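# Structural overview for review
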Amino acid sequence: MNKTSGIEIVKGTLHFEHDGNGFVCRELRELPVLFGETHGTDKVDEAIKQYLAGLRGIFEPRYGSRTERDAVPEVERVRLGGLAFDEIVGSIDTKDLSLFQKLMFWLSDWWYYNVALRQKCNFDYNKFDFYGISSKIIGEFVLALLPEQIQSVLGKMQVAGTAVGFGHFAILFIDGVHGRSGTVRRIVTDTQLIELHDVSGYTYLDITKEGKPVARSVTSRGGERAFFDGVRLMSHDMFQTCAPKTVVINGGYKVNSTQCTIINGILFPVIESNDAVAKTTGAFMGMVDFTNTQALESYALSEATGTRLKVDGPRVFLDKKELKPIGVFQPSSVHLLDSGFALYDWSDFHEVMNCRFDSVLVIDDKKDWIDQFRQAFGSEITHLKEVQTSSREEALGAIVNGKPEVVILDMHLSDSEGFEGLWIANQLFANAFGGRIVIASSYPDEQLKAMTTLIKGKVWAPGKNIDRIRKLLGSTNWR
């Protein structure tokens, strides 16, 4: 990557400057002004009108059952859906948008996230040629204004989505049939020409306050879902859905995947534990395992959480409580190609082995082990409690009354070799204990494993090995 800031770089007829995490193209900055100087309001408004007329036809009212729906003729369903669509369109105020921004907005997925429209109507993607019609409009009104070098690179790629906001815009171009067969994507923003490889499928696109595009897609890597935030092209085993909504927050963005949350390239356990969409895997358009109601609830949850988040550099707070990350994605290496498009490599992921739990109880008869555990984890665990005892009844009572998320439990609490820990663990399972039980005794692994077979529930047995306990407490995947 060329990291020289302030030095002009020329690729063909295009001029670039590196801004620290990408290459800014001078010619792109001129586009919105050039658009206003070239196209008249009437012509652009007519193109928007024709687009909305076609989009209108994909909607029909929501019915209580399939039988109720089938009792209404299709023509009537489409008519009623169109009326609901017209009402929503009429309620959207675009007077503060420039002519260029207005075109970008109406071509975007505004309707997909419109709660009122989703509450009233179902929709059928197959009734409207989104990509073909968007490509025609963008080609005529936008691409024709760009340098020939950019036009030739985009070639026969289709427009799959637009995003506009905060004075910025982004346009997503895909190759292949509806983006399914191709694995190269390009994004044009008001400052950058971006190229991504090994991405397909989803065509979600958003823009942040900082002018960075957020794109979600399918990939062959990790959990087969990818996120790009204008700085990092990210994949991870936990990324198994792209369905949750991206929310712009102060200082960046937030988006969920399967049981996890990404905030500005930092990966956390999912913040909204009741987000049904973030519990899905492999969800895809037309093949989802969540309802429309759950999708709308997910949108509302994400929006509400976004107002409660505060980003302070690499630290993220929710209601003043600092969130513990799973790991951090590093900025991608970026290569400015001869075409003028910047190719983003896959981001390196650095795991952070923080304890994921707020309440942990350590039970042992030896003070040395308790002190060692506190020294290792005391600064990470908000509610770390210790019980030094040789009484199994006292230990059990401390667990039942304290209700910790995790118990670090010794097997021997007395000199009689009575395996008090086995009795305690089985008592906990007999009484539906909701926390996790970690066996911490100084036996060899083979004997620890044998002990776990005597416990009537799932336990983990890393022994008294701080490194292994740290890896366990820092994991999001307890198996």
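Residues numbered from 1 in each chain as written. Predicted model: local features only at pLDDT ≥ 70, side-chain atom pairs only at ≥ 80, totals over all residues. Heavy atoms only, no water.

### Some remarks on helix H15 (residues 466-473)
Those residues of H15 that sit buried are Ile466, Ile469, Leu472 and Leu473. Summarising the axial view, the buried residues of H15 lie within an arc of 125°, below the 170-degree limit, and thus occupy one face. Of the exposed residues in H15, the ones pointing more than 90 degrees away from its buried face are Asp467 and Lys471. For H15, the elements touching its buried residues are helix H11 (367-377), strand E27 (406-409) and strand E28 (436-439). If you check the start of H15, you find a side-chain oxygen 3.1 Å away from the backbone N of Asp467, and it comes from Asn465. (Buried < 20%, exposed > 50% of the residue type's maximum accessible area, 1.4 Å probe, protein only. Helix = DSSP H or I, 4+ residues; strand = E, 2+ residues; numbered from the N terminus. Arc of directions from axis to C-beta. Contact = heavy atoms within 4.5 Å. Polar contact = N/O pair within 3.5 Å; in protein donor to acceptor, adjacent residues only side chain to side chain.)

### Comments concerning the nonpolar core
Formed by 96 residues in total, the largest nonpolar core has its most connected members in Leu55 and Trp110. In this structure, Leu55 is in contact with Phe85, Trp110, Trp111, Phe128 and Phe130, ignoring residues within four places of it in sequence. (Core = buried A, V, L, I, M, F, W, Y, C linked by side-chain atoms within 4.5 Å.)

### Quick look at the sheet that holds E27
Spatially, the 4 strands line up as an open sheet ordered E26-E25-E27-E28, and their pairing is parallel. Across the chains shown, the open sheet's two edge strands, defined by having one partner strand only, are strand E26 (383-388) and E28. Taken pair by pair, the neighbouring strands of this sheet meet at an average axis angle of 15°, ignoring direction. Two strands pair when backbone bridges link them, and E27 and E28 are joined in this way by 4 bridges, in the parallel orientation. Among the inter-strand pairings, Val406 is bridged to a residue of E28, identified as Arg436. Across the sheet, helix H12 (residues 392-402) is in contact with strand E25 (359-364), E26 and E27; its angle to E25 comes to roughly 180°. (Pairing = 2+ DSSP bridges. Axes fitted to C-alpha atoms, helices over the stretch in contact; angles between N-to-C directions.)

### Quick notes on the packing of helix H2 (residues 31-38) against helix H6 (residues 99-106)
Following both chains from N to C, one finds H2 and H6 inclined at 100°, their axes separated by 8 Å at the closest point. By the criterion of interaxial angle, the relationship of H2 to H6 is roughly perpendicular. From H2, Leu31, Pro32 and Phe35 reach across to H6, where they touch Leu99, Phe100 and Leu103. Of the residues belonging to the contact of H2 with H6, the class tally is 6 nonpolar, no polar and no charged. (Parallel < 35°, antiparallel > 145°, perpendicular 65-115°, else oblique. Nonpolar A, V, L, I, M, F, W, Y, C, P; charged D, E, K, R; others polar.)

### Quick look at the environment of Ala425
Assignment of secondary structure puts Ala425 in helix H13 (residues 420-430). Each C-alpha atom, one on Ala425 and one on Glu351, is 31 Å from the other, the two residues being 74 residues apart in sequence. Setting aside residues no more than four positions away along its own chain, Ala425 makes contact with Leu409, Ile437 and Ile455.

### A few points about unusual backbone geometry
With a phi close to 75°, Glu224 is a non-glycine residue in the positive phi region. Look at Glu224 and you get partly exposed, because its relative accessible area is 46%.

### Topic: the pairing of strand E11 (residues 213-218)
Within E11, 6 of the 6 residues are buried, which leaves it mostly tucked inside the rest of the structure. Judged by which residues are buried, E11 turns out to be covered on both faces: Pro213, Ala215 and Ser217 on one side and Val214, Arg216 and Val218 on the other are all buried. Relative to E11, strand E10 (residues 200-207) is paired through 5 bridges, and the arrangement is antiparallel. Within E11, the position partnered with Tyr204 by the bridge is Arg216. Following E10, the chain reverses through 5 residues before pairing antiparallel with E11; Gly211 in that reversal takes a positive phi of roughly 85°. The pairing of E11 with strand E12 (residues 225-228) spans 4 bridges and is classified as antiparallel. For Ala215, the partnering residue across the bridge sits in E12 and is Phe228.

### Observations concerning the pairing of E12
The alternating pattern of E12 places Arg225 and Phe227 and Ala226 and Phe228 on opposite faces, both of which are buried. Connecting E11 to the antiparallel partner E12 that follows it, the hairpin turn spans 6 residues, and Gly222 within it adopts a positive phi of roughly 50°. Sheet topology places E12 next to strand E13 (residues 233-235); 3 bridges connect them, and they run antiparallel. In the sheet register, Ala226 faces E13, and the bridge partner there is Ser235. What sits between E12 and E13 in their antiparallel hairpin is a turn of 4 residues, with Gly230 showing a positive phi close to 85°.

### Considering the packing of aromatic side chains
According to the stated counting rule, one finds 29 aromatic pairs in the structure shown. Aromatic side chains Phe35 and Phe100 sit 5.1 Å apart centroid to centroid with 70° between the ring planes, which places their arrangement in the edge-to-face category. Of the two residues, Phe35 is situated in helix H2 and Phe100 in helix H6; the sequence distance between them amounts to 65 residues. What makes Phe100 buried here is its relative accessible area of 3%. Aromatic pair Phe59 and Phe123: ring centres 6.3 Å apart, planes at 65°, arrangement edge-to-face. With Phe59 in strand E4 (residues 59-61) and Phe123 in strand E5 (residues 121-123), the pair connects residues that are 64 residues apart, well separated along the chain. By relative accessible area, Phe123 is classed as partly exposed at 23%. The positively charged end of Arg216 is found above the aromatic ring belonging to Tyr204, 4.0 Å away from the centroid. (Phe/Tyr/Trp six-rings, centres within 6.5 Å; stacked < 30°, edge-to-face > 60°. Lys NZ or Arg CZ within 6 Å of the ring centre and 35° of its normal.)

No statement about biological role is implied by the geometric values presented.
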